[in-house]
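# A structural walkthrough
What follows is each chain in one-letter form.
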Amino acid sequence: MSGQQPVGIDELLERVRVDLDRVTPREAYDTAEAGGILVDIRYAALRERDGLIPGALVVERNELEWRLDPQGSHRAPEAIGHDLRVVVICNEGYASSLAAASLRQLGLRHATDLIGGFQAWRAAGLPVTV
């Protein structure tokens with residue numbers, strides 16, 4: 001990596017999003033209905049404050065790669081293969097883009113994230129449990 005110029009977070013975010021087929025709240029809902037998984041990486045205080053998406057797998061951001069790697073020894077039972085459709089959800093759709101890009105580096109080629117995050121999901125009137 002020596003010799004590379006540092007990039008700011010805004011540029012990094014723009015770069016990783018080029019490879020993501022980011023989805024709307026309705027598309028995320030449809031992905032889950034079709035057998036894909038929604039992965040909520042919000043921290044506990046936000047989940048407690050705003051609620052949960054029914055059926056979403058809750059994985060703290062610092063555990064995401066270990067839990068979703070189909071080859072990993074600490075994988076979640078849902079992490080059944082590299083073809084799995086995964087939609088990562090954070091609060092507003094920023095950290096989730098970086099997280100989805102990281103999952104893609106592990107070979108989860110269909111990993112993406114929710115545009116606008118949980119807040120967009122809730123604003124779209126999709127199911128939330130409090």
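Keep in mind the model is a prediction, meaning the values are calculated, not measured.

## Points about helix α5 (residues 95-105)
Residues of α5 that are buried include every one of Ser 96, Ser 97, Ala 99, Ala 100, Ala 101, Ser 102 and Leu 103, and no others. At the exit of α5 stands Gly 107, carrying a positive phi of roughly 100°.

## Examining the side chain of Arg 47
Here Arg 47 lies in helix α3 (residues 44-50). When its relative accessible area of 16% is taken as the criterion, Arg 47 is described as buried. Here Arg 47 is in contact with Asp 40, Arg 42, Leu 52, Val 58 and Glu 60, once residues within four sequence places are set aside.

## As for the nonpolar core
Note on soluble globular proteins: their nonpolar side chains tend to be buried together. Membership of the largest hydrophobic core comes to 18 residues, with the highest contact counts inside it found for Val 39, Leu 64, Leu 68, Val 86 and Leu 103. For this core, the secondary-structure elements that each account for two or more residues are β1 (37-40), α4 (64-68), β3 (86-89) and α5. The biggest single contributor to this core is α5, with three residues. If near-sequence neighbours (up to four positions away) are discounted, Leu 103 is found in contact with Leu 64, Glu 65, Leu 68, Val 86, Val 88, Leu 108 and Ala 111. Ala 56, Leu 114, Phe 118 and Trp 121 belong to the second-largest nonpolar core, a separate cluster that totals eleven residues.

## Points about the environment of Val 18
By secondary structure assignment, the location of Val 18 is in the loop between α1 (9-17) and α2 (25-33). Val 18 sits ten residues away from Gly 8 along the chain, and the two C-alpha atoms are 16 Å apart.

## Focus: the environment of Glu 78
Relative to the assigned elements, Glu 78 resides in the loop between α4 and β3. For Glu 78, a relative accessible area of 33% translates into the label partly exposed. Counting along the chain gives 73 residues from Glu 78 to Gln 5, while the straight-line C-alpha distance between them is 38 Å. Apart from residues lying up to four places away in sequence, Glu 78 is in contact with Ile 37, Leu 57 and Leu 84.

## Let's talk about the pairing of β3
Burial of β3 is two-sided: the residues Val 86 and Val 88 facing one way and the residues Val 87 and Ile 89 facing the other way are all buried. Here two bridges tie β3 to strand β4 (residues 112-113), and the two strands are oriented parallel to one another. From the neighbouring strand, Val 87 faces β4, where its bridge partner is Thr 112. Each parallel crossover has a hand, and the one from β3 via α5 to β4 is right-handed.

Definitions and limits used
Residues numbered from 1 in each chain as written. Predicted model: local features only at pLDDT ≥ 70, side-chain atom pairs only at ≥ 80, totals over all residues. Heavy atoms only, no water. Buried < 20%, exposed > 50% of the residue type's maximum accessible area, 1.4 Å probe, protein only. Helix = DSSP H or I, 4+ residues; strand = E, 2+ residues; numbered from the N terminus. Contact = heavy atoms within 4.5 Å. Core = buried A, V, L, I, M, F, W, Y, C linked by side-chain atoms within 4.5 Å. Pairing = 2+ DSSP bridges. Right-handed = clockwise from strand over helix to strand, strands pointing away.

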